[in-house]
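The residues making up each chain are set out below.
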Amino acid sequence: YALKRKSFLRDMLFRHKVNGAIYGQNHPYTATGEPTAESIGRLGRDVAYDFKTSHFTAKNATLVVAGNFDDKRVESLIREVFGEWSSGGADKSVIVPAHDRQVPVYFGIDDEENPNVVFRIAYPIASPMDGQFAARLILVDMLNDRMSAVREKLGASYGTYASQSVHRGPGMYAMGGRVDADKATESLRAMRAGIDGLRTGDKLEEDFVRSRQVVLHDLLTRKNDSGTLADQLATIAMYDLPPDYFEKLIRQVAALSPAQVRALIAAELPPEKEVIAARGPRAAMKKAFAENGITELAYDALK
């Protein structure tokens, strides 16, 4: 049923094209990691169960149990749920660098039935879980603060945010959200101005101090929560991190300086790496792009 809905197909196409622009059309994250109407249409029970048998194995998994629990009861549940899994073999991680793109990419997905415009502004990250992760946490919070201008000052949206995608291989910064079509032009302008303000250093030190406090507060107040502990242990296992990684991360965040974040901005948010994607009524998208100085772009229409 979902495959027959145009909104579902447009959303898949939107994500697929963003991944293609960030990682490359032939990158595994694009070619096989993001579903398309064609790939989902080929799925069936036998294909799904073959995949489960091949990849859902003990050597491919890490099971984390955190909090207060009865040892014997939990062991019984684990054996009941996972007892039939084979030991199997560990899959090799797909760690392929993103393609080296030196020009910005802009495109739109026609969605005339939607009264809003969805914007996605993205930049590639070469290797998210490296020595710069602490600085990225602060930068993402600073970007989130800049994105809030669309919500709080323009009143054009209830949801424009910034985040980072983290994988074993490359990742991305992603900003944007759903805005009113009649305010798409000023919304895109405000989001881009927020990013550009970080590049030029506008209020950078002030934003840095506030964001570092936010990130530190989050890391410190959530460290003893069982759900957070489970997430942290899963992250440590997934990315082959040392057991004390998150304790060190707290110290790294506390020791960061504005100069380190400024260098990260220059390295990872350059204009030539920018991807701006939009989905919504073509007239609203075209006006928003044109009045922000973007005229050379393509539109995809789903019939």
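You'll find the structure just up there.
Residues numbered from 1 in each chain as written. Predicted model: local features only at pLDDT ≥ 70, side-chain atom pairs only at ≥ 80, totals over all residues. Heavy atoms only, no water.

Undergrad: Would you mind showing me how to read the overall build of the protein chain here?
TA: Each helix and strand in the protein chain was counted, giving 12 helices and 6 strands. The C-alpha radius of gyration computed for the protein chain amounts to 22 Å, which stays within 12% of the reference 19 Å derived for 303 residues, consistent with globular compactness. In terms of its C-alpha atoms, the protein chain occupies a principal-axis envelope of roughly 65 × 50 × 35 Å. By residue count, 38% of the 303 residues in the protein chain fall in the buried class. Put simply, of all contacts in the protein chain between residues at least 6 apart along the chain, 81% involve residues at least 24 apart. Accessible surface, the protein chain as shown: approximately 16,700 Å² in total, 53% of it carbon and sulfur. Side-chain charges in the protein chain split into 40 positive and 40 negative, and the spacing between the mean points of these groups amounts to 2 Å. (Helix = DSSP H or I, 4+ residues; strand = E, 2+ residues; numbered from the N terminus. Rg over C-alpha atoms; globule rule 2.2 N^0.38 Å. Buried < 20%, exposed > 50% of the residue type's maximum accessible area, 1.4 Å probe, protein only. Contact = heavy atoms within 4.5 Å. Areas by Shrake-Rupley, 256 points an atom, 1.4 Å probe, with all protein chains shown as cover. Lys, Arg positive; Asp, Glu negative; His and termini not counted. Charge placed at Lys NZ, Arg CZ, Asp CG, Glu CD.)

Undergrad: How do you make sense of the packing of aromatic side chains when you look at a structure like this?
TA: Any aromatic ring pair is given by two values, namely how distant the centres are and how the planes are angled relative to each other. Following the criterion strictly, the structure yields 6 aromatic pairs and no others. Relative to Tyr-29, the ring of Tyr-23 lies with its centre 5.1 Å away and its plane at 90°, an arrangement referred to as edge-to-face. A single burial state applies to Tyr-23 and to Tyr-29, both of which are buried. Within the aromatic cluster, the residues linked to one another by ring pairs are Phe-51, Phe-56, Phe-82 and Trp-85. A cation over a ring is seen here: Lys-17 above Phe-107, with NZ or CZ 5.0 Å from the ring centre. A cation sits over an aromatic face here: Arg-45 above Tyr-49, 4.4 Å from the ring centre. (Phe/Tyr/Trp six-rings, centres within 6.5 Å; stacked < 30°, edge-to-face > 60°. Lys NZ or Arg CZ within 6 Å of the ring centre and 35° of its normal.)

Undergrad: Can you help me understand the layout of surface pockets in this one?
TA: Where empty space is left can be seen by rolling a probe of water-molecule size over the atoms. Estimates place the volume of the largest pocket at around 1,000 Å³. Along the wall of the largest pocket there are 26 residues; nearest its centre are Asn-60, Asp-91, Lys-92, Ser-93 and Arg-168. Of all the secondary structure elements, the ones that give two or more residues to the lining of the largest pocket are α1 (6-23), α2 (28-31), α4 (45-55) and α9 (226-238). The element best represented in the lining of the largest pocket is α9, accounting for 3 residues. Split by residue class, the lining of the largest pocket holds 13 nonpolar, 8 polar and 5 charged. Computed from the structure, the second largest pocket encloses a volume of approximately 490 Å³. Surrounding the second largest pocket, 19 residues form its lining, Phe-133, Leu-137, Asp-218, Leu-219 and Arg-222 being those nearest its centre. (1 Å grid on protein atoms, 1.4 Å probe; cavity = no way out; pocket = protein on both sides within 12 Å on 5 of 7 lines; lining within 4 Å. Points joined across faces, edges and corners; volume = space filled by probe spheres on them. Nonpolar A, V, L, I, M, F, W, Y, C, P; charged D, E, K, R; others polar.)

Undergrad: Honestly, the sheet that holds strand β1 (residues 105-110) in this entry has me stumped. Any pointers?
TA: Spatially, the 6 strands line up as an open sheet ordered β3-β4-β2-β5-β1-β6, and their pairing is mixed. Only two strands of the sheet have a single partner each, and these edge strands are β3 (159-165) and β6 (298-300). For this sheet the average axis-to-axis angle between neighbouring strands, irrespective of direction, equals 20°. Across 6 bridges, β1 lies against strand β5 (residues 275-280) in parallel orientation. Opposite Ile-109, over in β5, you have Arg-279 as the bridge partner. Packing of helix α6 (residues 133-152) onto the sheet brings it into contact with β2 (116-125), β3 and β4 (171-180), and relative to β3 it is tilted by some 165°. (Pairing = 2+ DSSP bridges. Axes fitted to C-alpha atoms, helices over the stretch in contact; angles between N-to-C directions.)

Undergrad: Just to check I follow, could you spell out the nonpolar core for this structure?
TA: Generally speaking, a soluble globular protein has its nonpolar side chains buried in company with each other. Counting residues in each nonpolar core, the largest one holds 52 residues, and the members touching the most others are Phe-119, Leu-139, Leu-143, Tyr-173 and Met-175. Ranked by size, the runner-up nonpolar core spans 14 residues in total, among them Tyr-23, Tyr-29, Ile-109 and Ala-277. (Core = buried A, V, L, I, M, F, W, Y, C linked by side-chain atoms within 4.5 Å.)

Undergrad: What should I look at first to understand the packing of α6 against helix α7 (residues 184-200) in this one?
TA: Helix packing for two helices is described by the angle between their axes and how far apart those axes are. Direction vectors running N to C along α6 and α7 enclose 145°, while the axes themselves pass 8 Å from each other. For the pair α6 and α7, the sense of crossing is right-handed. Residues Leu-139, Met-142, Leu-143, Arg-146, Met-147 and Val-150 of α6 pack against Ser-187, Ala-190, Met-191, Gly-194, Ile-195, Gly-197 and Leu-198 of α7. When grouped by side-chain class, the residues that make up the contact of α6 with α7 number 9 nonpolar, 3 polar and 1 charged. (Left-handed = near helix turned anticlockwise from the far one by under 90°.)

Undergrad: Got a minute to help me understand the side chain of Arg-146 in this structure?
TA: You can see Arg-146 is positioned in helix α6. The exposure class of Arg-146 is buried, given its relative accessible area of 11%. Within polar-contact distance, the side chain of Arg-146 engages the backbone oxygen of Gly-194 at 3.2 Å. Within the structure, the side chain of Arg-146 is placed 2.6 Å from the backbone oxygen of Asp-202, a separation counted as a polar contact. Those residues within four positions of Arg-146 in sequence are excluded, and the remaining contacts are Gly-194, Gly-197, Leu-198, Asp-202, Lys-203 and Asp-207. (Polar contact = N/O pair within 3.5 Å; in protein donor to acceptor, adjacent residues only side chain to side chain.)

Undergrad: It is not clear to me how the packing of α6 against helix α10 (residues 245-255) should be interpreted in this structure. Could you clarify?
TA: The interhelical angle for the contact between α6 and α10, taken along N-to-C directions, is 60°, at an axis separation of 9 Å. Our classification of the angle between α6 and α10 gives oblique. Crossing geometry of α6 relative to α10 is assigned as right-handed. Between α6 and α10, the residues in contact are Phe-133, Ala-134, Leu-137 and Ile-138 and Tyr-245, Leu-249, Gln-252 and Val-253, respectively. (Parallel < 35°, antiparallel > 145°, perpendicular 65-115°, else oblique.)

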